[in-house]
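# Coordinate inspection notes
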2 protein chains.
Amino acid sequence: MKTVIGIDLGGTNVRVAKVTEDGQILQEFKSPSYSQEGPEKVTSNIISLIKKIDGVKDCVGIGIGVPGPVDTIANVMKMSTNLKDFTNYPLGELLENEFGLPCYLDNDANVAGLAEALLGAGRGEKIVYYITHSTGIGGALVVAGQVISGKNGYAGEVGNIIVTRDGEKINHLNVGAIENLASGLALIKAAQTKIDPKIDTAYELFKLAKENHPVALEIIDRMAFDFASMCSAVGHVVDPAVFVIGGGVSQSHEQYFPLIKKYYQGLVHTGMRDVQFKPAELDEPGILGAAMLPISHGK
Amino acid sequence: MKTVIGIDLGGTNVRVAKVTEDGQILQEFKSPSYSQEGPEKVTSNIISLIKKIDGVKDCVGIGIGVPGPVDTIANVMKMSTNLKDFTNYPLGELLENEFGLPCYLDNDANVAGLAEALLGAGRGEKIVYYITHSTGIGGALVVAGQVISGKNGYAGEVGNIIVTRDGEKINHLNVGAIENLASGLALIKAAQTKIDPKIDTAYELFKLAKENHPVALEIIDRMAFDFASMCSAVGHVVDPAVFVIGGGVSQSHEQYFPLIKKYYQGLVHTGMRDVQFKPAELDEPGILGAAMLPISHGK
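What comes next concerns the included structure.

Calculation criteria
- Along every chain, residues carry numbers that run from 1 in the direction the sequence is written.
- Chain labels run from A onward and ligand labels from 1 onward, assigned in the order the entries are written.
- Local features are withheld for residues below a pLDDT of 70 in this predicted model, meaning they are given only at 70 or higher, and side-chain atom pairs are given and counted only at 80 or more; totals for whole chains, interfaces and linings count all residues.
- The burial criterion counts other C-beta atoms lying within 10 Å of a residue's C-beta, which is placed from the backbone; the residue is buried at 20 or more, exposed at 12 or fewer, and partly exposed between these limits.
- Only DSSP runs of H or I reaching four residues or more are called helices, and only runs of E reaching two or more are called strands; each is numbered from the N terminus.
- A pair of strands is treated as paired once DSSP finds two or more bridges between them.
- Axis geometry follows a simple rule: fit a line to the C-alpha atoms, using only the stretch in contact for helices, then measure angles between N-to-C directions, giving values from 0 to 180 degrees.
- By definition, residue pairs are in contact when their C-beta atoms, positioned from the backbone, come within 7 Å.
- When the copies are overlaid, the least-squares fit takes in C-alpha atoms only where the residue has pLDDT of at least 70 in both copies.
- To estimate how far a helix should extend, the number of its residues minus one is multiplied by 1.5 Å.
- Picture the helix axis, draw a direction to every C-beta atom, and the arc is the one those directions span.

Bringing the pairing of strand β4 (residues 62–66) of chain B into the picture now. Residue and element names in this part refer to chain B. For β4, the buried fraction is high: five of the five residues fall into the buried class. Of the two faces of β4, the one carrying I62, I64 and V66 and the one carrying G63 and G65 are both buried. Looking at chain direction, strand β1 (residues 3–9) and β4 are connected through four bridges and run parallel. Directly across from I7, in β4, lies its bridge partner I64. Relative to strand β7 (residues 103–107), β4 is paired through five bridges, and the arrangement is parallel. When the sheet's bridge partners are listed, G63 is paired in β7 with Y104.

A word on the sheet that holds strand β8 (residues 127–133) of chain B. Residue and element names in this part refer to chain B. Spatially, β10-β9-β8-β11-β12 is the arrangement adopted by the five strands of the open sheet, whose pairing is mixed. Only two strands of the sheet have a single partner each, and these edge strands are β10 (146–148) and β12 (276–279). Taking the axes of each pair of neighbouring strands and ignoring which way they run, one obtains an average angle of 30 degrees across the sheet. In this fold helix α7 (residues 214–238) packs onto β8, β9 (137–143) and β11 (242–246), with an angle of close to 155 degrees to the strand it touches most, β8.

It is worth spelling out the environment of P69(B) at this point. Residue placement: P69(B) occurs in the loop between β4 and β5 (70–71). A sequence separation of 37 residues divides P69(B) from D106(B), and the C-alpha atoms of the two residues are 7.4 Å apart. Setting aside its immediate chain neighbours within four residues, P69(B) contacts G271(A), K78(B), M79(B), N107(B), N152(B), G153(B) and Y154(B).

This brings us to the relation of the copies chain A and chain B. Note on the chain copies: they are related by a rotation about an axis and a translation along it. Superposing chain A onto chain B takes a rotation of 180 degrees combined with a translation of 0.0 Å along the rotation axis, leaving an RMSD of 0.0 Å. When the rotation and shift are considered jointly, the pair of chain copies conforms to a two-fold rotation axis. Rotation axis and chain A: the residue whose C-alpha lies nearest the axis is T164(A), separated from it by 2.8 Å. Looking at chain A, 100% of its interface residues are interface residues in chain B too, so the copies touch through the same face.

Residues and elements named next belong to chain B. Taking 1.5 Å of rise per residue, 13 residues should cover 18 Å, and helix α8 (residues 253–265) covers 17 Å from first to last C-alpha, within 8% of that figure. For α8, the set of buried residues is Y256, I260 and Y264. In an axial view of α8, the angular spread of the buried residues amounts to 80 degrees, which keeps them on one side of the axis. Along α8, exposed side chains directed more than 90 degrees from the buried face belong to E254, P258 and K262.

The next point concerns the sheet that holds strand β8 (residues 127–133) of chain A. Residues and elements named next belong to chain A. Ordered by their spatial adjacency, five strands build an open sheet running β10-β9-β8-β11-β12, and the pairing between neighbours is mixed. Unpaired on one side and paired on the other, β10 (146–148) and β12 (276–279) mark the two borders of the sheet. Each strand of the sheet is rotated relative to its neighbour by a mean of 30 degrees, with strand direction disregarded. Along the sheet face, helix α3 (residues 108–119) touches β8, β9 (137–143), β10 and β11 (242–246) and points at about 50 degrees away from the line of β9.

Such coordinate-based values are descriptive only and should not be taken to indicate function.
Shown next, in the form of structure tokens:
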């Protein structure tokens, strides 16, 4: 069976693993990513982690998930908030030269989406839309086992989709952008303002809702409608077979996926109503998805 | 050079042509489509038109554009408003059996988008989003020369994307759906209400705007903002290199594409602002795009 090197590069840590094409992690090493010490340091650290892996030469390729949009043609990051000076830095090329293996970069949401599409809740479906519902909101389109990253790597930046014209400009996102209305952070803010300023996780809000707290229920219901509005925009563009939703908030999926589905069905054409909303299944979508990048490119 | 049979099947007419893989129409026949006389009549008429073409056996396949969503796996229409009883009717299979050639169906907007992506304003780009701006609004995503039709053939139903929560339910589309705000029909209605009840084409509205009629200018400006809002939703899902816009309204592109581009740039991330907005180039995208279906499937 083919094996691949998967790298999950984050602002805090980096993990490097040897993975089989069906998603088994054979060996894994982790360290700080040294993200603020410049790309040379980050790269030399990754190279030393890869060298610890047995049988690198037998692997068919290297895949890397990075936190930010990627130009998948040039194989470089287009913008890097959490990795200092990584914009346009040729990490992929450096690793190709070092190990003689093809190397593919993509952003962390796309990579997680690829993992879920190939190995997780979306497996067997031709068109999967993955959404990470966490502190922020991001997405990934996977068609026939391939991530569609877009011209500049911004495909999947669905957190910036406008679902209402009401509201104020509060950050770099659009007025009425879904991320400011329905992300984990937005839920916490709403709970703090409307219920208790001491609430500091979305989990607490869902706990109150479970106890039938009327305001908690209202906040979640409203979030579900807003989230469904975003999904309906996505649906009218790509008509996926399934929305796979991961990220911290989705751990409470039993309390809000049915609401999303109900509202979604009211916001799309009749023939689109059979779409599924499934929670993500994988514990380590970042490293598995990175490993799946070379596989999805036919390596 | 490969040749293909392209069929543009509409509610009124049907056209059948022999086309080269680079988009030259070698031979073409046209007749009424007999759309209200049932699918057997429509099919037997198409078969007789194909039989008029020289060298059908040397063609590599048949492509058909139809007016409505298509299940491209089962190769049947999912809904047919303008072709009586065509839902789930096996037109593709019947033509395959008759001529021994692979046959592919897709809806007319997808087919036009494919033509523009391969032969028209989008050629050379890996990710093209085509929008028909006509009586209604529809779209098509073409990635690496292939149309993404979606699970149920509803990918591209962008006319139903919500751009504002204001407004009333006026038809089967969502409240605030872009088609009801920015289509050719919506422009005519706005012009009738705000300028002159006798206006009955979008062209007249653009003519008034050219003469600096302030209300005409305002209607067009508002349409451009709404249209750009829809494009920003599409952009955040697929991040195309170019939006190619066709259809009757787009003939006035010089008067409103620059406005769409300006508003779009204010509604997307900085790195997405270099997207192009181009008018469609082809005179016959329906028949050419239908002919490109077998080519895009590797025939």
